[in-house]
Number of protein chains: 2
Amino acid sequence: MSTQPRIIEVRQNILKRNDELAKELRLRFQEAGVFVVSLVSSPGSGKTAFLEKTLTLLKERQYRPAALVGDLATDNDAVRLARSQTPVKQITTGTLCHLEAAMIQTALEDWNLEDLDFLFIENVGNLVCPSSYDLGENLRLVLLSVTEGEDKPLKYPTIFNSSDVAVVTKVDLADAVEFDWKAAETNIQAVRPGMPILRVSAKTGQGMDEWLASLPSGRRHSLEPE
Amino acid sequence: MSTQPRIIEVRQNILKRNDELAKELRLRFQEAGVFVVSLVSSPGSGKTAFLEKTLTLLKERQYRPAALVGDLATDNDAVRLARSQTPVKQITTGTLCHLEAAMIQTALEDWNLEDLDFLFIENVGNLVCPSSYDLGENLRLVLLSVTEGEDKPLKYPTIFNSSDVAVVTKVDLADAVEFDWKAAETNIQAVRPGMPILRVSAKTGQGMDEWLASLPSGRRHSLEPE
């Protein structure tokens, strides 16, 4: 198709601009001492439930977390996350299936980063589009629910490969769906050898302590966890 | 961003070309008497399990079904579907998050459509990208598993709006996840009023007879179900 090279060129320009903005954001986050975690997964993997639990627990432990949440069309997730009584802002992307660094920059305009310890960025539910867009985060989590099947890492390798930690969610349902832990781990390690894997249930709280313990604990975090 | 109008122009050209190809495909399907059903959903909604069950049951009932299945990187789904002992072909899309009419055309090159009663096309697992691409199908199903949550129609309205039937899958897990049927139905009807909703479990077979009964039953199907 003769239009293909033009698309690729335009896409490369967009990605380059995004990378530059993400770099600026990362520097701002570092200077403000805020540790930034982004979450990617397919729709319905439990990103919002996991994030609500995370925000609530961090607040209880006297940290100052906040969240940005991306979605095509609704602010349902922001409404849910607001129950954690932490600052939450919805980013509506329209027909765009991922967040970009420029959207993060705009959303943060009226927030003072110095007031935050952690910023969580929940991407649009999608296992393809978000993988190429750096948002300036320190850590990218890819979530995989036990109800989705063990084969997802092989079928969507780029999103797993561009993430730092795999979080297996809804583990309370693992027996009901006969989840094959060995297959899931083998598939994750095949795509990204050495990737840490967390097992959590936002419903029962299982694994949440281990997850929070893996975050840097001091105020004024450096870019590298202490 | 100054690049935006160029992208939109290129995208519109691609969509126009796709629509023309899809129209040609639809005519070929009609002339060959094959009824074509496409399936869209997020990753892990159970498209492949539902399709394997459908292919197996249709074959048992003396129909001649076949399937094309789209995925980014693996042929896992084709391997699973081949267990139904019906013709199955994998389309690997690379980094593209949807199927296009041209891919269907190429995949069908060495198949004789006259030998088929039904053709099923399983799209890449994605609730955004596939919505704009006509594949020449007679019927588009959007699948939603009870484990994904009831809010998906509101969050991904375009894919629900561009589909003909909603299929709620994994209903055997509905109680375990406290699925709210009323909320799900309200959300589906809000996005696409009057949309038929099927409830199925590929695991237990629940709802499969009703689904198969909704397909046109005669050989040499016309474009409109008899």
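Residues numbered from 1 in each chain as written. Chains lettered and ligands numbered in written order. Predicted model: local features only at pLDDT ≥ 70, side-chain atom pairs only at ≥ 80, totals over all residues. Heavy atoms only, no water.

Details of the overall build of chain A
When helices and strands are tallied, chain A shows 8 helices and 7 strands. Taken over the C-alpha trace, chain A has a radius of gyration of 17 Å; the compact-globule value for 226 residues is 17 Å, and the two agree within 12%. Projecting the C-alpha coordinates of chain A onto the three principal axes gives extents of approximately 50 × 50 × 35 Å. A buried classification covers 56% of the 226 residues belonging to chain A. By sequence separation, contacts in chain A at least 24 residues apart represent 74% of the contacts at least 6 residues apart. Total accessible area on chain A stands at roughly 9,500 Å², and carbon and sulfur atoms take up 50% of it. Averaging the coordinates of the 25 positive side-chain charges in chain A and doing the same for the 32 negative ones gives two points 1 Å apart. (Helix = DSSP H or I, 4+ residues; strand = E, 2+ residues; numbered from the N terminus. Rg over C-alpha atoms; globule rule 2.2 N^0.38 Å. Buried < 20%, exposed > 50% of the residue type's maximum accessible area, 1.4 Å probe, protein only. Contact = heavy atoms within 4.5 Å. Areas by Shrake-Rupley, 256 points an atom, 1.4 Å probe, with all protein chains shown as cover. Lys, Arg positive; Asp, Glu negative; His and termini not counted. Charge placed at Lys NZ, Arg CZ, Asp CG, Glu CD.)

Re the state of the cysteines
Residue and element names in this part refer to chain A. As enumerated under the stated definition, the model contains 2 disulfides over all chains in all. One disulfide bridge connects Cys97 with Cys129, the sulfur atoms lying 2.2 Å from each other. One disulfide, between Cys97 and Cys129, carries an S-S torsion of -90° and so falls in the left-handed class. With Cys97 in the loop between strand E3 (88–92) and helix H4 (101–107) and Cys129 in the loop between strand E4 (118–122) and strand E5 (139–145), this pair connects stretches of sequence that are 32 residues apart. Here the two residues Cys97 and Cys129 agree in accessibility, since each one is buried. (Disulfide = S-S within 2.5 Å.)

Describing helix H7 (residues 181–191) of chain B
Residues and elements named next belong to chain B. Every buried residue belonging to H7 is among Ala184, Asn187, Ile188 and Val191, and all of these are buried. Each buried residue of H7 sits inside an arc of 100° when the element is viewed along its axis, so together they form one side. Opposite the buried face of H7, at more than 90 degrees from it, the exposed residues are Lys182 and Ala190. Looking at the buried side of H7, the elements it contacts are helix H5 (152–155), helix H6 (157–161), strand E6 (165–169) and strand E7 (197–199). The N-terminus of H7 is capped by Asp180, whose side-chain oxygen sits 3.2 Å from the backbone nitrogen of Lys182. (Arc of directions from axis to C-beta. Polar contact = N/O pair within 3.5 Å; in protein donor to acceptor, adjacent residues only side chain to side chain.)

Digging into the relation of the copies chain A and chain B
Mapping chain A onto chain B calls for a rotation angle of 180° and an axial translation of 0.0 Å; the resulting RMSD is 0.0 Å. Taken together, the rotation and translation relating the two chain copies correspond to the operation of a two-fold axis. Comparing interface residues between copies, 100% of those in chain A also lie at the interface in chain B; the contact surface is shared. (Least-squares fit on C-alpha atoms with pLDDT ≥ 70 in both.)

As for the confidence of the model for chain A
All names here are of chain A. Here chain A averages 91 in pLDDT, and 93% of its residues register 70 or above. Scored below 50 in pLDDT, residues 220–226 shows 19 contacts in the model against residues more than four places distant or in partner chains. The ipTM value of the predicted complex is 0.72, and its pTM value is 0.82. (pLDDT = per-residue confidence, 0-100.)

Brief notes about the interface of chain A and chain B
If you look at the interface, chain A gives 39 residues, while chain B gives 39 residues. Of the roughly 3,200 Å² buried at the junction of chain A and chain B (both faces included), carbon and sulfur atoms supply 60%. Where chain A touches chain B, the interface holds 12 residue pairs in polar contact (both at pLDDT 80 or more). Where the side of chain A that touches chain B is concerned, the elements lending two or more residues are helix H1 (4–32), helix H3 (76–81) and helix H5 (152–155) of chain A. Examining the composition of the side of chain A that touches chain B, we find that 5 residues originate from one element, H1(A), more than from any other. When its residues are assigned to classes, the side of chain A that touches chain B shows 18 nonpolar, 9 polar and 12 charged. (Buried area = accessible area lost by both parts, 1.4 Å probe. Nonpolar A, V, L, I, M, F, W, Y, C, P; charged D, E, K, R; others polar.)

Focus: the sheet that holds strand E4 (residues 118–122) of chain B
All names here are of chain B. A sheet is described by the order of its strands in space; here 7 strands give the open sequence E3-E2-E4-E1-E5-E6-E7, paired in parallel fashion. Of all strands in the sheet, those with a lone pairing partner are strand E3 (88–92) and E7, marking the two edges. For this sheet, the mean angle separating the axes of adjacent strands, direction not counted, is 20°. Pairing of strand E1 (residues 35–40) with E4 involves 5 bridges; the strand directions are parallel. When the bridges of E4 are listed, Ser38 appears paired with Ile121. Most of the contacts of H7 go to E7, to which it runs at about 150°, and overall it touches E6 and E7. (Pairing = 2+ DSSP bridges. Axes fitted to C-alpha atoms, helices over the stretch in contact; angles between N-to-C directions.)

Brief notes about the packing of aromatic side chains
Residue and element names in this part refer to chain A. Counted under the stated rule, the structure contains 10 aromatic pairs over all chains. Ring geometry for Phe179 and Trp181: centres 4.9 Å apart, planes at 85°, overall edge-to-face. By relative accessible area, Phe179 is classed as buried at 8%. Take Trp181: its relative accessible area is 22%, and that puts it in the partly exposed class. In textbook terms, an aromatic cluster arises when at least three aromatic residues are bridged by ring pairs, as seen for Phe35, Tyr63, Phe118 and Phe120. The side chain of Arg199 reaches across the aromatic face of Trp181, ending 3.8 Å from its centre. (Phe/Tyr/Trp six-rings, centres within 6.5 Å; stacked < 30°, edge-to-face > 60°. Lys NZ or Arg CZ within 6 Å of the ring centre and 35° of its normal.)

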